[in-house]
Amino acid sequence: MEANLSKSLSVKGGIACSCGGVFFRSNNAKPDCHATLALQTCSHCGETSDAVLFIYGKAVSWDYQDHLVAQFWFKTLTPSRADELYSSAVALQSVLAVSSR
């Protein structure tokens with residue numbers, strides 16, 4: 001799963017936050033949901049950026065600009081909601097892959 005996380009996440013390591021701190025990569029896990037939230041976190045103020053939610057190792061949700069979509073899903077995730085989100089994301093990604101050919 002780590003290889004999939006690395007490919008989907010833009011690394012900010014060493015980039016300074018507006019507060020003067022430095023962003024570092026962090027992962028939060030919900031094992032009962034088979035979910036991992038990968039994101040960048042400021043070492044000083046705790047600001048987060050570039051979050052990606054993975055379920056069963058597949059990227060299913062991303063934060064977009066000021067919309068913390070992946071973080072919202074992670075905070076509210078239950079095992080049944082994780083399975084529903086995973087199924088929906090996989091189905092949508094399959095349709096988009098076919099239509100882009």
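Residues numbered from 1 in each chain as written. Predicted model: local features only at pLDDT ≥ 70, side-chain atom pairs only at ≥ 80, totals over all residues. Heavy atoms only, no water.

The next subject is the overall build of the chain. Helices and strands together make up the secondary structure of the chain, namely three helices and four strands. Counting from the amino terminus, the chain carries its helices and strands in the arrangement α-β-β-β-β-α-α. For the chain, buried positions account for 34% of its 101 residues. Across the chain, every contact between residues at least 6 apart in sequence was considered, and the portion connecting residues at least 24 apart equals 39%. With an accessible surface of roughly 6,100 Å², the chain has 58% of that area assigned to carbon and sulfur atoms. (Helix = DSSP H or I, 4+ residues; strand = E, 2+ residues; numbered from the N terminus. Buried < 20%, exposed > 50% of the residue type's maximum accessible area, 1.4 Å probe, protein only. Contact = heavy atoms within 4.5 Å. Areas by Shrake-Rupley, 256 points an atom, 1.4 Å probe, with all protein chains shown as cover.)

Those residues of helix 2 (residues 69–76) not exposed but buried are Ala70, Gln71 and Phe74. The buried side chains of helix 2 occupy one side of the element, clustering within an arc of 95° when seen end-on. Looking at the buried side of helix 2, the elements it contacts are strand 1 (23–30), strand 2 (35–42), strand 3 (48–55) and strand 4 (58–62). (Arc of directions from axis to C-beta.)

Read across the sheet, four strands follow the order 1-2-3-4 without closing on themselves; strand pairing throughout is antiparallel. Of all the strands in the sheet, just strand 1 and strand 4 have a single pairing partner and so form its edges. On average, each strand axis in the sheet is inclined to that of its neighbour by 25°, with strand direction left out of account. Judged from the four bridges that link them, strand 3 and strand 4 form a sheet pairing that is antiparallel. (Pairing = 2+ DSSP bridges. Axes fitted to C-alpha atoms, helices over the stretch in contact; angles between N-to-C directions.)

Here the focus is helix 3 (residues 79–99). Along its 21 residues, helix 3 runs 30 Å from first to last C-alpha, staying within 8% of the 30 Å computed at 1.5 Å per residue. Those residues of helix 3 that fall on the buried side of the exposure criterion are Ala82, Leu85 and Ala89. All buried residues of helix 3 lie within an arc of 65° about the axis, which places them on one face of the element. Of the exposed residues in helix 3, those oriented more than 90 degrees away from the buried face are Glu84, Val95, Val98 and Ser99. (Expected span 1.5 Å × (residues − 1).)

With that settled, consider the state of the cysteines. Scanning the model with the defined rule gives zero disulfides in all. The closest cysteine sulfur to the non-disulfide-bonded Cys17 is located on Cys42, 3.8 Å from its own sulfur. With no disulfide partner, Cys42 has as its closest neighbouring cysteine sulfur the one in Cys19, 3.5 Å distant. (Disulfide = S-S within 2.5 Å.)

This brings us to the packing of aromatic side chains. Applying the stated criterion across every chain yields a total of two aromatic pairs. Centroid distance Tyr56 to Tyr86: 5.0 Å. Interplanar angle 70°. Geometry classified as edge-to-face. With Tyr56 in the loop between strand 3 and strand 4 and Tyr86 in helix 3, this residue pair connects regions lying 30 residues apart in the sequence. The class of Tyr56 is partly exposed, set by a relative accessible area of 42%. Their ring planes at 65° and their centres at 6.3 Å tell us that Phe72 and Trp73 sit as a pair that is edge-to-face. The partly exposed category is assigned to Trp73, whose relative accessible area is 24%. (Phe/Tyr/Trp six-rings, centres within 6.5 Å; stacked < 30°, edge-to-face > 60°.)

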